[in-house]
Amino acid sequence: MSTKSNTMWGGRFATGPDAIMEAINASIGFDQRLAAQDIAGSRAHAAMLAATGIIEPSDAEAIREGLLTVLSEIEAGTFAFSTALEDIHMNVEARLKELIGEAAGRLHTARSRNDQVAVDFRLWVRAQCDAADAALAGLQRALVTQAEAGADMIMPGFTHLQVAQPVTFGHHMLAYVEMFARDRSRFADARLRMNESPLGAAALAGTSFPVDRRMTAAALGFDRPMANSLDAVSDRDFALEFLSAATICAMHLSRLAEELVIWSTAQFRFVRLSDRWSTGSSIMPQKRNPDAAELIRAKIGRIMGAQIGLMTVMKGLPLAYSKDMQEDKEQVFDAADSLALALAAMTGMVSDLTPAPEVMRAAAATGFATATDLADWLVREPGLPFREAHHVTGALVAMAEARGCDLPDLTLDDMRSVHPSISEGVFAVLGVDNSVASRRSEGGTAPERVREQVARWKEILA
């Protein structure tokens, strides 16, 4: 392919751009990722032009065949991209002209690079929503598998990273299943809103040719054409919504990654990450570093940065298209890549991790984790008002803390010295098993509730 200055602009400019202008103006270094979408849009456009009588069927057929050849060259890695031709649209069109001659020049009838790039980018982002949904479903399945195996595994539940109440490992895993379900719904919602076609809006005002925008929209899997041509070429809400959903999803991944980092430390030892997701130290042979989890935890910085970056690009732009919008793609590409990698790595880590039930159970039995159960018992049995029960429980916790023991280690006489209405029955609620089993409220941690939710999610994810 020729690397001469871009003559596709026509006669308006006497000379091509110099090297600096070419460098700042060219986008082919990154927008070549839109090749498949660009060719799909062009094929739909050419078919419509023929169906409406705007171009001859023979030209449309030549264009169709030529575009398939170009796509095969790109997929095979033999296509020579040219910076002088600026972008993926011009590169494809120039190669098409080399392949089929004059008919290639008819492809751009009733179309502008403005609506062309808008449809390409929208198609690409739509595909990323689908990819994120599929990856999230895979991660949910891995979490549900762990939840099912851990329905009876008792571990401490935390608030402020302090032991709060006993929960089950399965319940904890299912919390993330719910989070990632919301992420899937956000991607689905964004996809639904973005599924309108800008093609046919041309530069900004529509076209005088008798195009059939509904035909091209249907051919590309869109629900309908966009209703306003100005909006069609200047909108990047679809990319911002994708980045917003991706940012929230990455935040959820970061929270889970942080827990895996903490749980895999020698101080916690709640889980063991497999060798596939750990690294060693160059100097300390005992180390098993959770590098994959740490890198996932960091990915939100890139993804959130992309969202802020694109929002900043768009915030001051008048309608319709401005060249600023060329800066919309690299950060979205990077965010999508980062999210896909983080989801794949997290799915692998969750699938491979091994819980340590005895360690978790022992931790749940410390830190006065059943104090709330004691307070609830004081309300239920002797009939104390909750505020008084809370005060009595606090006094018993202080006693146990002073003696260096836990609540179940106090004697009945110890407890009665704080409140005389306490009976032998109190010890039935002070064990972690009884505590967990009692949390039968909807959405609670009781093993029977965990198994119900596991069954529900297995059906949803089947």
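The paragraphs below set out a description of the structure included in this document. Everything quoted here is computed from the prediction, not taken from an experiment. (Residues numbered from 1 in each chain as written. Predicted model: local features only at pLDDT ≥ 70, side-chain atom pairs only at ≥ 80, totals over all residues. Heavy atoms only, no water.)

Quick notes on the nonpolar core
Counting 98 residues, the largest nonpolar core has Phe187, Leu253 and Met346 as the members making the most contacts within it. Among the elements that make up this core, the one with the highest residue count is helix H10 (residues 237-263) (16 residues). When residues no more than four places from it in sequence are discounted, the contact partners of Met346 are Leu139, Leu253, Leu256, Ala257, Leu260 and Ile296. Formed by 20 residues, the second largest nonpolar core is a distinct cluster that contains Leu378, Leu384, Val426 and Val429. (Core = buried A, V, L, I, M, F, W, Y, C linked by side-chain atoms within 4.5 Å. Buried < 20%, exposed > 50% of the residue type's maximum accessible area, 1.4 Å probe, protein only. Helix = DSSP H or I, 4+ residues; strand = E, 2+ residues; numbered from the N terminus. Contact = heavy atoms within 4.5 Å.)

Section: the environment of Ala293
Mapped onto the elements, Ala293 comes out in helix H11 (residues 291-314). With a relative accessible area of 0%, Ala293 lands in the buried category. Distance in space between the C-alpha atoms of Ala293 and Ala342 is 8.8 Å, their sequence separation being 49 residues. Apart from residues no more than four positions distant in its own chain, Ala293 is found in contact with Ala257, Leu260, Val261 and Met349.

Considerations on the packing of aromatic side chains
Each aromatic ring pair is summarised here by two numbers: the centre-to-centre distance and the angle between the ring planes. What the rule picks out here adds up to 10 aromatic pairs. When the ring of Phe158 is compared with that of Phe268, the centres are 6.1 Å apart and the planes differ by 50 degrees; the resulting orientation is tilted. One end of the pair, Phe158, is in strand S1 (residues 154-159); the other, Phe268, is in the loop between H10 and strand S5 (271-272), and 110 residues separate them in sequence. Accessibility expressed as a relative area gives 22% for Phe268, which makes it partly exposed. (Phe/Tyr/Trp six-rings, centres within 6.5 Å; stacked < 30°, edge-to-face > 60°.)

By themselves, these are just geometric observations and shouldn't be taken as functional.
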